Every structure is written in structure tokens, then in C-alpha cells.
Amino acid sequence: VVERYGVFDKLFVGSSPQTTDKQPRAIFSRHAGGTYEIPLFPDGANGWRFRFSPDSPGRWTWRIQSDDAQLNGKTGVFT
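Quick summary incoming for the structure in this document. Note that the structure is predicted; figures quoted are calculated from it, not measured.

**Describing the pattern of salt bridges**
Tallied over the full model, the rule gives 5 salt bridges. Linking glutamate 37 and arginine 25 is a salt bridge whose minimum nitrogen-to-oxygen distance equals 2.6 Å. Remark: arginine 25 occurs in strand β2 (residues 25–30) and glutamate 37 occurs in strand β3 (residues 35–39); sequence separation between them is 12 residues. Overall, the relative accessible area of 27% leaves arginine 25 in the partly exposed class. The partner of arginine 30 in a salt bridge is aspartate 55, and the shortest N-O contact between them spans 3.0 Å. Here the residue arginine 30 occupies a position in strand β2, and aspartate 55 occupies one in the loop between β5 (47–52) and β6 (60–65), the gap between them amounting to 25 residues.

See the structure below:
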């Protein structure tokens, strides 16, 4: 559970920040429609992280889009 305007913070381990062709992105979809797309940022040797602040209550889904096979396609849900 994430409060409205709270921060949802997630860390992922990928192959390496230096080996990706494009910066990984997180795509967030809200229950009432609409999406947000934000870049992940490097965090450590093989880490990637996002921080997201939902602007409305309800169910949110997210997925990662990346050239790195260890990151691409990861998904999740929060309210």
C-alpha cells in the first residue's frame, strides 16, 4: 500500500547499467485509466531503481521495459 503522493521505491538487479542500449523505463497504469512512464536510474554496480508517487488512490500496475533481459517484463501491482 502506498499513500496518495507517497513514494513507491523499487530496486532491481540487472546485467549491468553499462550494457544496456537504452535506459530502462517503468510504465505505470492507474485504475481509472492513463499511464505514466519514468526512467529507472542506476543504483550500484548492477542495480536499477525507480521512485514513483501516485497522484490518485486505487489500484496501480507497473511493468519494466528494457533491453536487459533480467529487467524486461517485470511487473507488479500496488494500491
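**Here's the deal with the sheet that holds β3**
If you trace the 4 strands from one edge of the open sheet to the other, you get β3-β2-β6-β7, paired in antiparallel fashion. Every other strand in the sheet has two partners, leaving β3 and β7 (75–78) as the edge strands with one partner each. Each strand axis lies, on average, 20° off the axis of its neighbour in the sheet, ignoring direction. As judged from the 6 bridges shared by β2 and β6, these two strands associate in the antiparallel manner. When the bridges of β6 are listed, alanine 26 appears paired with isoleucine 64.

**Things to note about the side chain of serine 56**
Tracing the backbone shows serine 56 in the loop between β5 and β6. For serine 56, the residues in contact, after removing those within four places along its chain, are Arg4, Arg30 and His31.

Definitions and cut-offs
- Residues numbered from 1 in each chain as written.
- Predicted model: local features only at pLDDT ≥ 70, side-chain atom pairs only at ≥ 80, totals over all residues.
- Heavy atoms only, no water.
- Salt bridge = Lys/Arg side-chain N within 4 Å of Asp/Glu carboxyl O.
- Helix = DSSP H or I, 4+ residues; strand = E, 2+ residues; numbered from the N terminus.
- Buried < 20%, exposed > 50% of the residue type's maximum accessible area, 1.4 Å probe, protein only.
- Pairing = 2+ DSSP bridges.
- Axes fitted to C-alpha atoms, helices over the stretch in contact; angles between N-to-C directions.
- Contact = heavy atoms within 4.5 Å.

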